[in-house]
Amino acid sequence: MSSVRHYDVIVIGVGAMGGAASWQLAQRGYRVLALDQLAPPHQRGSSHGRTRVIRTAYFEHPAYVPLVRRAFTLWYDLEQLTGRHLLTSCPCLNLGPPQGFLIPALEATVRQHQLPAQILTAAEIRRQFPPLHVPEHYLGLLENQAGFLAVEDCVAAQIEAARLSGADIHLNEAVLNWQREHDTYLITTTAGLYRTARLVIAAGAWATHLLRRLHIPLTVMRQVMLWFDVGKRRPDFRRDRFPIFIAETSQGDFYGLPAIDPLGLKVARHYGAPELPDPDTVCWQTSEEDDIPVRHFVDEFLPGLGGITHRQVCLYTLTPDRHFVVDLEQTEGASLAIAAGFSGHGFKFAPVIGEILADLVTTGSTGYSIELFRLSRFRHSENVAPA
């Protein structure tokens, strides 16, 4: 039996949230071990595909706005620390019918937080952004406090920052089991045994396995990101002329980003695919069938685009209400902080989620409002197992 190594804090998962937690904990002076079964950034999870949107006018719930404001600051801090360019400003245009969900929810958030935003009619949208063809009854809500993140570079930068602060990062080392033993946790991996009184689990889609005993209702959704050739129209889709967009349609919700690299214009469906029990059931191969819903959207809203240049599978890990799970389990002196179920809109928040996890696992509380994310919303006394 190998000897057991002790750490102040152990983090399981070194993707977006786990990498952020490792960075925040290490820079606070804790002796940190971060474990991952793969080697982030990689293409078998939720944090890849060149770009992720960051936006302030948050239709999902107004409670996200203070968190995204802090996330902007922390992404800029990470740029300064690592010398990497991570965040590029770009307007975000939200499109939908006035009586739908998207536009009214955004208007409520804008009012509550007094955010700068502009309402556009369909005619104004077509005049300002000629490639977009929207139905006559649609409205647009345009905000400038938005942009996109270089997703793989962000993941790598957080790992780099954690290492610079002294964290031990063990990649390609899978966790086989974790268990509480009185006031500590024992973690068994493919390479050894580790012990800590403070454990963070931020395992992405694999939380469906590692957090099963907590009875969190998590599912996984396979989503396919597509890139379209813009040909000679590339100037029309530059980020200074064409926005990030999010569209609510009768066929589902879709989003896209300007043509910022040779692959062209990125467009994908948001939700709408089957919910699966765990990542082991996901097909990582793509096919022309994956194109169908996005192609229908593009033909209506962005007519004239060329062929598909690239496809890539991404995973959403979903909660029933599509809000995150960020919480603390504290028993007999041992602390377990968890981050899961980011439901396809979490990446932008990674560094502030890292701060929250570091707060929770070391102090038992956080100054951020996380009531929306508590485990208690899913729990019933008769079916909850102890951690």
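As the structure is a computational prediction, the values presented were derived from the model and not from experiment. (Residues numbered from 1 in each chain as written. Predicted model: local features only at pLDDT ≥ 70, side-chain atom pairs only at ≥ 80, totals over all residues. Heavy atoms only, no water.)

K.L.:
Would you explain the overall build of the protein chain in this entry?
P.N.:
When helices and strands are counted, the protein chain shows 8 helices and 22 strands. Computed over C-alpha atoms, the radius of gyration of the protein chain comes to 21 Å, within 12% of the 21 Å expected from 2.2 N^0.38 for 387 residues, which places it in the range of a compact globule. Dimensions of the protein chain, computed from the C-alpha atoms along their principal axes, are close to 65 × 40 × 40 Å. Of all 387 residues assigned to the protein chain, the portion counted as buried reaches 57%. (Helix = DSSP H or I, 4+ residues; strand = E, 2+ residues; numbered from the N terminus. Rg over C-alpha atoms; globule rule 2.2 N^0.38 Å. Buried < 20%, exposed > 50% of the residue type's maximum accessible area, 1.4 Å probe, protein only.)

K.L.:
Even after reading the chapter, I still don't get the layout of surface pockets, so can you show me in this structure?
P.N.:
Where empty space is left can be seen by rolling a probe of water-molecule size over the atoms. Volume-wise, the second largest pocket comes out at about 180 Å³. Along its surface, the second largest pocket is lined by R222, Q223, V224, R269, A273, P274, L276, E289, D290, P293 and V294. Every element with two or more residues in the lining of the second largest pocket is listed here: β15 (219-228) and α7 (292-301). The element contributing the most residues to the lining of the second largest pocket is β15, with 3 residues. (1 Å grid on protein atoms, 1.4 Å probe; cavity = no way out; pocket = protein on both sides within 12 Å on 5 of 7 lines; lining within 4 Å. Points joined across faces, edges and corners; volume = space filled by probe spheres on them.)

K.L.:
Hey, could you run me through the nonpolar core in this one?
P.N.:
Here is a general trend for soluble globular proteins: nonpolar side chains tend to be buried in one another's company. One finds W75, V200, V326, F349 and I353 to be the most contacted residues of the largest nonpolar core, which totals 82 residues. Non-local contacts of V326, meaning those with residues more than four positions away in its chain, are made with I338, F342, I353, I356, L357, L360, I370, F373 and R374. Counting residues in hydrophobic clusters, the runner-up holds 61 residues, among them L93, V175, F228 and I338. (Core = buried A, V, L, I, M, F, W, Y, C linked by side-chain atoms within 4.5 Å. Contact = heavy atoms within 4.5 Å.)

K.L.:
Explain the pattern of salt bridges to me, please; I cannot follow it from the model alone.
P.N.:
Side-chain pairing between opposite charges can occur once the charged atoms of the two side chains come close. Using the criterion set out here, one finds 18 salt bridges in the structure. In this structure, D240 and R238 form a salt bridge, with 2.6 Å as the shortest nitrogen-oxygen distance. Judged by its relative accessible area of 36%, R238 is partly exposed. Here R311 and D291 are joined by a salt bridge, their closest N and O atoms 2.7 Å apart. Placement of R311 in strand β20 (residues 308-318) and of D291 in the loop between β19 (275-276) and α7 is noted, with a sequence separation of 20 residues between them. (Salt bridge = Lys/Arg side-chain N within 4 Å of Asp/Glu carboxyl O.)

K.L.:
Please clarify how the packing of helix α1 (residues 16-27) against helix α5 (residues 151-164) should be interpreted in this entry.
P.N.:
Helix packing geometry: the angle between the two helix axes and the distance between the axes. One way to put it is that α1 packs onto α5 with a least axis distance of 8 Å and a crossing angle of 25°. Judged by the inter-axis angle, α1 sits roughly parallel to α5. For the element pair α1 and α5, the recorded crossing hand is left-handed. From α1, A16, G19, A20, S22, W23 and A26 reach across to α5, where they touch V155, Q158, A161 and A162. Looking at the contact of α1 with α5 residue by residue, the class counts come to 7 nonpolar, 3 polar and no charged. (Axes fitted to C-alpha atoms, helices over the stretch in contact; angles between N-to-C directions. Parallel < 35°, antiparallel > 145°, perpendicular 65-115°, else oblique. Left-handed = near helix turned anticlockwise from the far one by under 90°. Nonpolar A, V, L, I, M, F, W, Y, C, P; charged D, E, K, R; others polar.)

K.L.:
Looking at this model, I keep getting lost on the side chain of D261. Mind explaining?
P.N.:
Note on placement: D261 falls in the loop between β17 (252-257) and β18 (265-270). At 3.1 Å, the side chain of D261 forms a polar contact with the side chain of R50. In this view, D261 contacts R50 and R234; residues no more than four positions away in its chain are not counted. (Polar contact = N/O pair within 3.5 Å; in protein donor to acceptor, adjacent residues only side chain to side chain.)

K.L.:
I'm lost on the packing of aromatic side chains in this one. Help?
P.N.:
Where two aromatic rings form a pair, the distance of their centres and the angle of their planes describe that pair. For the coordinates displayed, the defined rule picks out 19 aromatic pairs. A centroid spacing of 5.5 Å and a plane angle of 45° characterise the contact between Y64 and F349, whose relative ring orientation is tilted. Of this pair, Y64 sits in the loop between β4 (51-55) and α2 (65-82) while F349 sits in the loop between β22 (334-340) and α8 (350-363); the two residues are 285 residues apart in sequence, bridging distant segments of the chain. Taking relative accessible area as the criterion, F349 reaches 0% and is therefore assigned buried. (Phe/Tyr/Trp six-rings, centres within 6.5 Å; stacked < 30°, edge-to-face > 60°.)

K.L.:
Would you take a moment to explain α8 for this structure?
P.N.:
Each α-helix winds once per 3.6 residues, and so residues spaced three or four apart point in a common direction. Taking 1.5 Å of rise per residue, 14 residues should cover 20 Å, and α8 covers 20 Å from first to last C-alpha, within 8% of that figure. The element α8 is extensively covered by neighbouring structure, given that 13 of its 14 residues are classed as buried. Residue G364 follows α8 closely and has a positive phi angle near 90°. (Expected span 1.5 Å × (residues − 1).)

K.L.:
So what exactly am I meant to see when it comes to the sheet that holds strand β2 (residues 9-12) here?
P.N.:
Either a parallel or an antiparallel arrangement is found when strands of a sheet pair, and the pairing is made through backbone hydrogen bonds. Spatial ordering of the open sheet is given by β10-β3-β2-β14-β22-β21, a layout of 6 strands whose pairing is mixed. Since the sheet does not close on itself, it has two edges, and those belong to β10 (168-170) and β21 (325-331), each with one partner. When strand polarity is set aside, the average angle formed by the axes of neighbouring strands in this sheet is 15°. Alignment of strand β14 (residues 198-201) against β22, held across 4 bridges, turns out to be parallel. Opposite I201, over in β22, you have I338 as the bridge partner. (Pairing = 2+ DSSP bridges.)

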